[in-house]
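Chain and residue survey
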Amino acid sequence: MAPPSDLRAWIALLEREGELVRVEAEVDPDLEITEIVDRTVKAGGPALLFTRPRGSRHPLLINQFGTERRMSMAFGVSHLDEVAQKLSDVIEMQPPQGIAEKVRGLKKLKSIADSMPRQVRAAPCQEVVLTGEEIDLDLLPIQRCWPGDPAPFVTLPAVITRDPVTGTRNVGMYRMQKLDRRTTAMHWQIHKDGAADWRGMGERLEVAVALGLDPVTAYSASAPLPKHIDEFMLAGFLRGEPVELVRGRTVSLDVPANAEIVLEGYIAKGELTTEGPFGDHTGYYSPAEPFPVFHLTALTMRRNAIYPSIVVGQPPAEDAWLGKATERIFLPAVRMSVPEIVDYDLPAAGAFHNCVIVSVRKAFPGHARKVMHAIWGLGMLSLSKSVVVVDEWVDVHDYEQVFFRVCANVDPKRDLVLTEGPLDHLDHAPTLPFYGGKLGIDATHKGPDEGARPWPEEIVMSPEIRELVDRRWEEYGLGGGKASANGSRRRPLRQLLRR
Ligand SMILES: Cc1cc2nc3c(=O)[nH]c(=O)nc-3n(C[C@H](O)[C@H](O)[C@H](O)COP(=O)(O)O)c2cc1C
Ligand SMILES: [Mn+2]
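Note that this is a predicted model, so its numbers are computed, not measured.

**Regarding the site of ligand 1**
Not every one of the 20 residues close to ligand 1 is listed here, only the nearest: Gly 172, Met 173, Gln 189, Lys 192 and Asp 193. Among the elements of the structure, strand 8 (169-172), helix 6 (193-199) and helix 9 (319-329) are those that each provide at least two residues to the shell around ligand 1.

Following this line, the structure appears as structure tokens:
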């Protein structure tokens, strides 16, 4: 099934699938929506369309991404790993052998061609055009999310800029604090591509913000691509359909034609405001800090535009699923650089930058350390505070199993790596901002060539007895599932470094 073509097709799909509830009661975007959504997300509940947010004529859509099922539906797949597979097919493409492979190769090349955005002249996102005095952010039901937030924040934007030197487009999801009817702050964290465009700017930097996109394009704004790669290309590739763009009315930037709402404007050199505090996805308020001011020169919309929002806070919140999508989709790219990685998991409780669990095919002494350092040098993963390495047969998504390996296999004196390096902008724990300690935990089996004694064998029941018990299970009168969790889940023993 093709991913939805715009926000309205997405809402219709969610509704057909019983994944959306319309809330017709008048509800306040000031805190009240947060409490409703937080309860809904934590209960694995549906997307919510608030049709009467207090003080606005625009409905507010939230929790569109809040479960694994909806996140997969957004991409038109039944599991996110299928999206990763599509990417891996292209990344790993080899010169084709024979006709059949050549035809398959052409299909892959077509999917690359689809990824180039397509320019259109007229677009739904410009059915209504407000400029000058008409521009008014108060028209939109912008949420104030948490009690300590000083103002409402636009939380699900796709912020578009152009690199002042290379001209490459960047699209990123960066929250925007409403300052007044025609200005917002722009929360460009220090490591992000938007911030780099800003640092390189001349007198003015044009900015366009798209709100209310098809779900894949909205997701792509949150994807940690290398700076020189346009996020709309990724969106087109993943949609199997180019992103259609239309020239802005007051800026020379192109914006997605299917957007519900577009904010156009600019940032003036050197102009800063106090942004925050903001109840952030770390589960804490990020402190007030100086960030640039975004001036609106136009607000364009579809008729009866729908405003999209998201609430972050103590994990797990809705953004956990955007993060999981990135984790799955980027696995092939991670493996391109570090092929011995079998799988990885970024627990939502670690807010995605605090902890990475990675399983590796270990082949030589110190291999786990090599992988830790690779992660600390890889794109946005470089900001990871801790890296836990386990053997290839450990399921990284089963935190109980990972904890077992960490407890069982680690000599703290021998197997911990303490180092330092860049840390996430939002990490409040380090002594300095942006920089601090990092921890690597080698929870793999170690061999004598890594200073360990001969490693003991894991306890695993013999296959004959497991089959016997499977066969006889009914006879025992114990009911229920016959698969004992441990025996069936564990892979056979492997002892790599014992020679
Ligand atoms: C809901 C949500 C809100 C986010 N808010 C911010 C933000 O305010 N500032 C920021 O720098 N990154 C924020 N991020 C993370 C960026 O969107 C992400 O790092 C993305 O890769 C940035 O694009 P870039 O790599 O082109 O800079 C947010 C992500 C999500 C899912
Ligand atoms: Mn980028």
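Picking up where we left off.
**Examining the domain arrangement of the protein chain**
Domains assigned within the protein chain are domain 1 (7-308) and domain 2 (319-450). Contact with domain 1, which involves 25 residues of that partner, is made by 20 residues of domain 2. For the side of domain 1 that touches domain 2, the secondary structure elements donating two or more residues are helix 3 (68-75) and helix 4 (80-91). Here the element with the most residues in the side of domain 1 that touches domain 2 is helix 4; it accounts for seven residues.

**A word on the packing of helix 4 against helix 9**
The N-to-C vectors of helix 4 and helix 9 enclose an angle of 40°; their axes lie 8 Å apart at closest approach. By the angle between their axes, helix 4 is oblique relative to helix 9. Of the two elements, helix 4 crosses helix 9, and the hand of that crossing is right-handed. Every residue of helix 9 that contacts helix 4 at Leu 80, Asp 81, Val 83, Ala 84 and Leu 87 is listed here: Lys 324, Ala 325, Arg 328 and Ile 329. For the contact of helix 4 with helix 9, a count of residues per class yields six nonpolar, no polar and three charged.

**Things to note about unusual backbone geometry**
For the bond running from Gly 276 to Pro 277, omega is 0°, close enough to zero to count as cis. Positionally, Pro 277 belongs in the loop between strand 14 (261-275) and strand 15 (278-279). Of the consecutive residues Pro 315 and Pro 316, the connecting peptide bond is found in the cis state with omega at 0°. Counting through the fold element by element, Pro 316 comes out in the loop between strand 18 (307-308) and helix 9. Unlike most non-glycine residues, Phe 352 shows phi in positive territory, near 75°. Of note, Phe 352 is situated in the loop between strand 19 (341-345) and strand 20 (355-360).

Conventions adopted
- Residues numbered from 1 in each chain as written.
- Chains lettered and ligands numbered in written order.
- Predicted model: local features only at pLDDT ≥ 70, side-chain atom pairs only at ≥ 80, totals over all residues.
- Near = placed C-beta within 6 Å.
- Helix = DSSP H or I, 4+ residues; strand = E, 2+ residues; numbered from the N terminus.
- Domains from an automatic or database assignment.
- Contact = placed C-beta atoms within 7 Å.
- Axes fitted to C-alpha atoms, helices over the stretch in contact; angles between N-to-C directions.
- Parallel < 35°, antiparallel > 145°, perpendicular 65-115°, else oblique.
- Left-handed = near helix turned anticlockwise from the far one by under 90°.
- Nonpolar A, V, L, I, M, F, W, Y, C, P; charged D, E, K, R; others polar.

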